[in-house]
2 protein chains.
Amino acid sequence: MKAPQIHIVTLGVNDLSRARRFYEALGWKASSTSNENIVFLKGGSGVLALYGRTALAEDALAEDLPNGFSGVTLARNARSKAEVDAWFAEALAAGARAVKPPQEAFWGGYSSYIADPDGHLWEFAFNPYFVFDDHGNLALPD
Amino acid sequence: MKAPQIHIVTLGVNDLSRARRFYEALGWKASSTSNENIVFLKGGSGVLALYGRTALAEDALAEDLPNGFSGVTLARNARSKAEVDAWFAEALAAGARAVKPPQEAFWGGYSSYIADPDGHLWEFAFNPYFVFDDHGNLALPD
């Protein structure tokens with residue numbers, strides 16, 4: 001069996017232009033395959049897609065209820081505490097809401113959370129036990 | 001500015017053992033860094049983490065409201081329609097709920113959705129316009 005993996009994370013958004021501006025301000029690059037209905041953003045090895053929340057719910061045949069906590073968080077791992085601080089400030093400057101200011105975490109690292117313009121949660125964290133591979137991905141032990 | 005990327009997608013789950021069994025049945029491999037509170041699953045270039053939903057909400061300082069549609073979907077891209085059918089069947093056999101049976105999609109591909117044991121939505125899709133790189137990631141044009 002071929003190894004499974006996540007190829008695309010799609011975020012349902014209420015205002016596609018606003019969401020695109022936010023992520024471009026953070027350094028994500030829109031692929032030319034993007035169109036007026038969906039934006040494909042390139043970053044590292046993965047793809048982050050932005051799509052209308054109602055359309056996404058319809059595509060997945062899911063009921064679009066308002067929600068507080070989605071049960072999903074996305075993490076970007078830093079190489080230092082200073083980098084976490086910088087990413088947190090950069091996100092706020094781009095219009096993110098501060099959820100959890102950078103702080104020491106019980107697991108020995110340093111962590112923060114922001115919410116994007118649609119409430120999607122991003123953790124910016126430094127984990128001193130994590131190692132990166134040559135592609136910038138996390139190299140977890142088997 | 002360094003290119004941003006998603007390093008980890010964390011799913012909040014109600015039963016960590018059940019969720020781990022489900023993903024292991026689909027071919028994800030748990031890293032030895034996993035413990036009784038969190039499971040780190042390796043697949044392709046990314047990391048999928050499983051963490052108690054209540055603990056995840058607390059970690060993100062978010063209010064844990066019940067929700068219908070989380071506003072987030074994860075996609076695994078196949079190389080053929082037959083592979084989509086196979087993944088869909090495999091997921092159901094592992095305990096997933098069928099949400100959208102494999103079918104032709106309006107954008108020219110072939111798509112299906114399942115919900116994992118905690119309701120997280122996965123799309124298994126074949127997009128004839130997408131190309132993979134040597135690492136199995138999507139190679140979107142700039």
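Check the entry above for the structure.
Presented here is a report on the structure given in the accompanying data block. Worth saying up front: this structure is predicted, and the values here are computed from it rather than measured. Residue numbers restart at each chain and count upward from 1, following the sequence in its written direction. Both sets of labels track the order of writing: A upward for chains, 1 upward for ligands. Residue-level local features of this predicted model are given only where pLDDT is at least 70; pairs of side-chain atoms are given and counted only at 80 or more, and the full residue set underlies all totals for whole chains, interfaces and linings.

1. As for the overall build of chain A
(1) Moving on: Looking only at helices and strands, chain A has 3 helices and 8 strands in total.
(2) Moving on: Strands here are runs of E lasting at least two residues and helices are runs of H or I lasting at least four, both read from the DSSP assignment and numbered beginning at the N terminus. Element order for chain A, N to C, with α for helix and β for strand: β-α-β-β-β-α-β-α-β-β-β.
(3) Moving on: In terms of principal-axis extent, the alpha carbons of chain A reach across some 40 × 40 × 30 Å.
(4) Moving on: Split into buried and exposed, the 142 residues of chain A put 45% on the buried side.
(5) Moving on: Placing a C-beta atom from the backbone of each residue, one calls two residues in contact when those atoms lie within 7 Å. For chain A, long-range pairs separated by at least 24 residues make up 46% of all intrachain contacts whose partners lie at least 6 apart in sequence. Exposure classes come from backbone-placed C-beta atoms, where a residue is buried if 20 or more other C-beta atoms lie within 10 Å of its own, exposed if 12 or fewer do, and partly exposed in between.

2. Looking at the sheet that holds strand E1 (residues 8-13) of chain B
(1) Moving on: With mixed pairing, 8 strands are arranged side by side in an open sheet as E6(A)-E7(A)-E8(A)-E5(A)-E1(B)-E4(B)-E3(B)-E2(B). Single-partner strands in this sheet number two, and they are strand E6 (97-104) of chain A together with strand E2 (29-30) of chain B.
(2) Moving on: Two strands pair under a simple rule: DSSP has to find at least two bridges between them. Bridging between strand E7 (residues 110-115) of chain A and strand E8 (residues 121-126) of chain A involves 6 bridges; their strand directions are antiparallel. Bridging from a neighbouring strand, Ala115 of chain A pairs with Leu121 of chain A of E8 of chain A.
(3) Moving on: Against the sheet, helix H1 (residues 16-25) of chain B touches E1, E2, strand E3 (38-43) and strand E4 (46-52) of chain B, its axis set at about 155° to E4 of chain B. Helix axes are fitted only over the stretch in contact, all axes being lines through C-alpha atoms; the angle between N-to-C directions runs from 0 to 180 degrees.

3. Thoughts on the nonpolar core
(1) Moving on: Each nonpolar core reported here comprises buried Ala, Val, Leu, Ile, Met, Phe, Trp, Tyr and Cys residues connected via C-beta atoms within 7 Å. Val9 of chain A together with Val9 of chain B are the most contacted members of the largest nonpolar core, which totals 80 residues.
(2) Moving on: With sequence-adjacent residues up to four places away left out, Val9 of chain A is seen in contact with Gly46, Leu48 and Leu74 of chain A together with Ile6, Val9, Val72 and Leu74 of chain B.

4. Concerning the environment of Glu83 of chain B
Residue and element names in this part refer to chain B.
(1) Moving on: Its place among the elements puts Glu83 in helix H3 (residues 81-93).
(2) Moving on: Expressed as a C-alpha distance, the spacing of Glu83 and Val39, which sit 44 residues apart in the sequence, is 27 Å.
(3) Moving on: Among residues more than four places away in sequence, those in contact with Glu83 are Ala78 and Phe126.

5. Considerations on the pairing of E4 of chain B
All names here are of chain B.
(1) Moving on: Counted residue by residue, E4 has 6 buried out of 7 residues, so it is predominantly covered.
(2) Moving on: Sheet analysis places E1 next to E4, joined by 6 bridges and oriented parallel. Within the sheet, the bridge partner assigned to Thr10 lies in E4 and is Ala49.
(3) Moving on: Where E3 lies against E4, 6 bridges are found, and the strand directions are antiparallel. In the sheet register, Leu41 faces E4, and the bridge partner there is Leu48.
(4) Moving on: Remark: 2 residues form the turn of the hairpin made by E3 and E4, two consecutive strands paired antiparallel; Gly44 in that turn has positive phi of roughly 55°.

6. Examining H3 of chain B
Residue and element names in this part refer to chain B.
(1) Moving on: The span you would expect from a helix comes to 1.5 Å times its residue count less one. Compared with the 18 Å implied by 1.5 Å per residue over 13 residues, the 19 Å span of H3 between its first and last C-alpha is a close match.
(2) Moving on: Val84, Trp87, Phe88 and Ala91 are the residues of H3 that are buried. For H3, the angular spread of the buried residues around the axis is 100°, confining them to a single face. The exposed set on the far side of H3, more than 90 degrees from its buried face, consists of Ala82 and Ala93.
(3) Moving on: For H3, the secondary structure elements touched by its buried residues are strand E5 (72-78), strand E6 (97-104), strand E7 (110-115) and strand E8 (121-126).
(4) Moving on: Looking one or two places after H3, you find Gly95, whose phi comes out positive at around 110°. To obtain the arc, one takes the directions from the helix axis to the C-beta atoms.

7. With respect to the relation of the copies chain B and chain A
(1) Moving on: Residues below a pLDDT of 70 in either copy are left out; the C-alpha atoms of the rest, at least 70 in both, set the least-squares superposition of the copies. Structural alignment of chain B on chain A gives an RMSD of 0.0 Å, achieved by rotating through 180° and translating 0.0 Å along the axis. Read as a symmetry element, the transformation amounts to a two-fold axis.
(2) Moving on: Interface overlap between copies is the fraction of interface residues in one copy that are interface residues in the other; for chain B against chain A it reaches 100%, indicating a shared surface.

8. Section: the sheet that holds E6 of chain B
(1) Moving on: Read across the open sheet, the 8 strands follow the order E2(A)-E3(A)-E4(A)-E1(A)-E5(B)-E8(B)-E7(B)-E6(B); overall the sheet is mixed. Pairing within the sheet leaves two strands with one partner each, and these edge strands are strand E2 (29-30) of chain A together with E6 of chain B.

9. Focus on the interface of chain B and chain A
(1) Moving on: If you look at the interface, chain B gives 58 residues, while chain A gives 58 residues.
(2) Moving on: Of all the secondary structure elements, the ones that give two or more residues to the side of chain B that touches chain A are E1, E3, E4, helix H2 (53-59), E5 and E6 of chain B.
(3) Moving on: The biggest single contributor to the side of chain B that touches chain A is E5 of chain B, with 6 residues.
(4) Moving on: In this count, Pro and Cys sit with the nonpolar residues alongside Ala, Val, Leu, Ile, Met, Phe, Trp and Tyr, while Asp, Glu, Lys and Arg are called charged and the others, Gly among them, polar. Of the residues assigned to the side of chain B that touches chain A, the class counts are 28 nonpolar, 22 polar and 8 charged.
(5) Moving on: Both strand E5 (residues 72-78) of chain A and E1 of chain B contribute to a ladder of 4 bridges, which runs antiparallel. Directly across from Leu74 of chain A, in E1 of chain B, lies its bridge partner Val9 of chain B.

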